[in-house]
Amino acid sequence: MISYIAKRLVYILIAMWLIITATFFLMRLAPGNPFASERALPPAIQESLNAQYGLDNPWYVQYKDYLINSAKGDFGTSMKYKYRETNDMIAESFPVSMTLGLEAMFIAVAFGVLIGTIAALFHNKWPDYLMTILAVLGISIPSFVMATILQYYLALQLNLFPIAGWKGFAYSILPAVALASTPMAFIAKLTRSSMLEETNSEYVKMAKAKGISKPVIVFKHALRNALLPVVTYLAPLTAGVVTGSFVIEKIFSIPGLGKHFVTSITNRDYTVIMGTTVFYAVILLLAVLIVDILYSFIDPRIQLRGGKSND
Amino acid sequence: MKKLGTLLLLLVSGIVLAACNFGGGGDSDTTEDGEAMKELNVSITSDPPAFHPALATDTTSGAILASAFEGLTRLDAKGEPTEGMAEKVEVSEDGKTYTYTLRDAKWSNGDPVIAQDFEFAWKWALDPENAADYAYQLYYIVGAEEYNNGEGSADDVGVKVIDEKTLEVTLVNPTPFFDELTAFYTYFPVNSKLAEENPDWYKDPSGEDFVGNGPFNLDEFASADHITLSKNDNYWDKDNVALDKVNISMIESEATALKEYQAGNLDYLGAPFNSIDLNALDGFKEDGTLNVSDQAGTYMIVFNTKDEILGNKNIREALTIAIDRQGLIDNVTKGEQKPGSGLVPLTMTGFEEPADYFKSNDIEAAKAALEKGLTELGLDSPADLKIKLSYNTSEAHAAIMQFVQQGWSKNLGIDVSLDNSEWQVYLEQLDAGEYQAGRYGWVGDFNDPINFLEIYKRDGGNNQTGWTNEEYTNLLNQVATETDEAARTQYMKDAEEILMSEFPISPIYFYTNLSVKQDSVKNMEADPMGNVQLKYVDVEE
């Protein structure tokens, strides 16, 4: 297992190098300039700006500097917000995005699995149909529509929640629900179908024949196997929740990282683009690794090996 | 199962831990002497791009800076210059030398405001090393442009400290609007003692070294979340500052800001403190709460006169006439803007009456001009005319450009295509002259027509049309040296007439300030430059 993780870490490094390289060149190929301004700048100032950020060097020097700085984790000062360090921006805003993301993932997984299990247990009865309708709604309503609806009715009209901002737990409920609605519905569908498959499998019939009680069969045997696809889905879900929070953060004016990730690109804020991209890449690559490790915990049939499989 | 439980437990504890990361805290609502606090709640869309007066270029930063700092003069609520740091101003007879006597004012840390603070701040802004975008605002001072371009030296800049309380400024030309300029943020002083010790003082706006001399102190800055201002007890005119505290939250989405306003959590909506969602304008108009005032800004289409087709004056004239400006304002922009009649907005002295350089939406005249242009270009039918209309990506601009496109193709029968690109890309396109017709907007930094006319004085810089005219340039040179106000205005009017007879630009509308405020808020309105000064605002119960 340790050699497996070591090997994966090497792959992660290679992937990081590819991502940094691709970002660097795409960024330079894209038209536009971070210092283009509505009021024309004297050439002396333009030059001095370029020199400050090393943009006057040939591309290979800039590329080398980027690689070294990325390795050191030092991304420099933002080109748009000249008083802000990219690292500070990430350090301040990521915990907020993570709180929101974890809360949304908790809602999505807990309620998704619950809904899916209930639907499977009452297969083709009214709870099943009700759950299916909810799931279809959840999947088909985009999160930003959900966010606006929740904000308008629950916050503005009924005054149950604050409208926007980030000043306490109450402020995070609506955005987390809005962010969770689609993945929750998806998890519910996944759980339902794999639960149905498991309840028809031989080992469950065997357990029934042995007279084991229904809750024990469902929770101890069937659900555990049925959750495998859900765990697989966790990695892309992390990606989606962490990076996809941009729109939700905007609607609820939450000071999260998603905003920097998107606006830095329109601002051509090179240092922030690089910083957020590298940071997200690390998070996502690690998330995938963790999910792979989780597999072995949940399903003992899967073993992690460093070398070739010899099954 | 056990492992699954552990997993869930981990997730839950993770959330609980992470939940400790909520900002905010309790607020008290009374001052020390037990009176009710006067608090104002407003919002801005994002972090101000600059906290250093010399590095600021936008109205959001400007609004914060004008609260935390004060120049030699300050604008009143109507946009007219009034007293600021200078107690007395003496202007020499030729209008070129200003001698300021500073009042006994203090920085928020108790240091006295001295003449050196101004000299330091202005030279810092002009130092090319510091790359201040707005350094050109100081070019009216002798030697400033040369120093900023790297040709002169700091010692040759016409700012002289006579003693701690006396500052002498020498200008290149008599500048009738210099009192307005000294109220502008590029001219704000900086505490030179602190800035020399800590050149990065502005990088931590809520830090100890961020001191101002304005009506408010910047207490808190939480990126993308909020800014808190509180009354500055060291401010010389503190008796005329009503507000004790200003809470500025950052709300990027206009729709969200609108809901916060409707819920009573925000006291004011309108630039620079966020703006009113376009969809809500009709509602505010109906219940009579919408405040509209003229702004010194012109929304226009610029033509690339170096282009094969748009190099033709008659084509440009036809395109300019064939825009239904009133229709656009009534149906698309809806902000009660005034139809654009020239380059200089109607807020400027001498330009209050809309000029009649062309008759908007006179299709017959437009067709006649088009016909002439086509003949000159050797084209047979309008359908052979292909024009690309460029703009920077935004819903509002897209709607306006589509309206213009439809007018041109329906009324003139020409083939118009739309082309949008991101702001940073669009600016480069204009600069490189890689466009035919493009959207452009200009909002004045001070209320003088020269602010607008100057753009087209020479090629390059902010003039992306490629259009120049010797007579026009000469007139503007005369404006620069003329001391008689009436004659100066006349030169500027003549210059605008020359510009508008050749149509390098097509004015669309003059901007308006739109705002709504809660009933309790008093004296809060935007001046013609779109500034809202918190110094004068009051909140009544």
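All figures in this text were calculated on a predicted structure; none of them were measured in a lab.

Thresholds, definitions, all that
- Residues numbered from 1 in each chain as written.
- Chains lettered and ligands numbered in written order.
- Predicted model: local features only at pLDDT ≥ 70, side-chain atom pairs only at ≥ 80, totals over all residues.
- Heavy atoms only, no water.
- UniProt positions renumbered as here; feature names shortened; annotations may be inferred.
- Helix = DSSP H or I, 4+ residues; strand = E, 2+ residues; numbered from the N terminus.
- Contact = heavy atoms within 4.5 Å.
- Buried area = accessible area lost by both parts, 1.4 Å probe.
- Salt bridge = Lys/Arg side-chain N within 4 Å of Asp/Glu carboxyl O.
- Polar contact = N/O pair within 3.5 Å; in protein donor to acceptor, adjacent residues only side chain to side chain.
- Axes fitted to C-alpha atoms, helices over the stretch in contact; angles between N-to-C directions.
- Parallel < 35°, antiparallel > 145°, perpendicular 65-115°, else oblique.
- Left-handed = near helix turned anticlockwise from the far one by under 90°.
- Nonpolar A, V, L, I, M, F, W, Y, C, P; charged D, E, K, R; others polar.

### So, the UniProt feature "transmembrane region" (unreviewed entry) in chain A
Residues and elements named next belong to chain A. Annotation from UniProt places "transmembrane region" (unreviewed entry) at residues 9-30, 104-122, 129-154, 169-188, 226-248 and 278-298. Between the end C-alpha atoms of residues 104-122 the distance is 27 Å, and the span holds 95% helix and 0% strand. Spanning residues 169-188, this segment combines 100% helix with 0% strand, and its end C-alpha atoms are found 26 Å apart.

### A few points about the interface of chain A and chain B
Chain A puts 56 residues into the contact, and the matching count from chain B is 62 residues. At the boundary of chain A with chain B, total buried surface from both sides reaches about 5200 Å², with 61% on carbon and sulfur atoms. Between the two partners, chain A and chain B, sit one salt bridge. The salt bridge partner of A:Arg268 is B:Glu422, with a shortest N-O separation of 3.0 Å. The interface formed by chain A and chain B holds twelve residue pairs in polar contact (both at pLDDT 80 or more) in total. Looking at the side of chain A that touches chain B, the elements with two or more residues in it are α2 (43-52), α4 (86-121), α6 (143-157), α7 (169-199), α9 (214-226), α11 (245-251), α12 (257-267) and α13 (270-298) of chain A.

### Points about the packing of helix α5 (residues 126-140) of chain A against α7(A)
Between two packed helices, the angle of one axis relative to the other and the distance separating the axes together describe the packing. Residues and elements named next belong to chain A. α7 packs onto α5 with a crossing angle of 140° between their chain directions and a minimal axis gap of 7 Å. Comparing their axes, α7 and α5 come out oblique. Classified by chirality, the crossing of α7 by α5 is left-handed. Contacts between α5 and α7 pair Asp-128, Thr-132, Ala-135, Gly-138 and Ile-139 from the former with Ser-181, Thr-182, Ala-185, Phe-186, Lys-189 and Arg-192 from the latter. Split by residue class, the contact of α5 with α7 holds four nonpolar, four polar and three charged.

### Things to note about the pattern of salt bridges
All names here are of chain B. On inspection of all chains with the given rule, the structure shows 21 salt bridges over all chains. For Lys-338, the salt bridge is made with Asp-294, and the minimal N-O distance between the two is 3.2 Å. Remark: Asp-294 occurs in strand β12 (residues 291-303) and Lys-338 occurs in strand β13 (residues 338-339); sequence separation between them is 44 residues. Residue Asp-459 is joined to Lys-306 by a salt bridge in which the shortest nitrogen-to-oxygen separation is 3.0 Å. In this pair, Asp-459 sits in the loop between α14 (450-453) and α15 (470-481) while Lys-306 sits in the loop between β12 and α9 (313-321), placing the two residues 153 residues apart along the sequence.

### What to know about the side chain of B:Ser67
Residue position: B:Ser67 is located in helix α2 (residues 59-68). The residues touching B:Ser67, leaving out its near neighbours within four places in the chain, are B:Gly214, B:Pro215, B:Phe216, B:Leu229 and B:Leu534.

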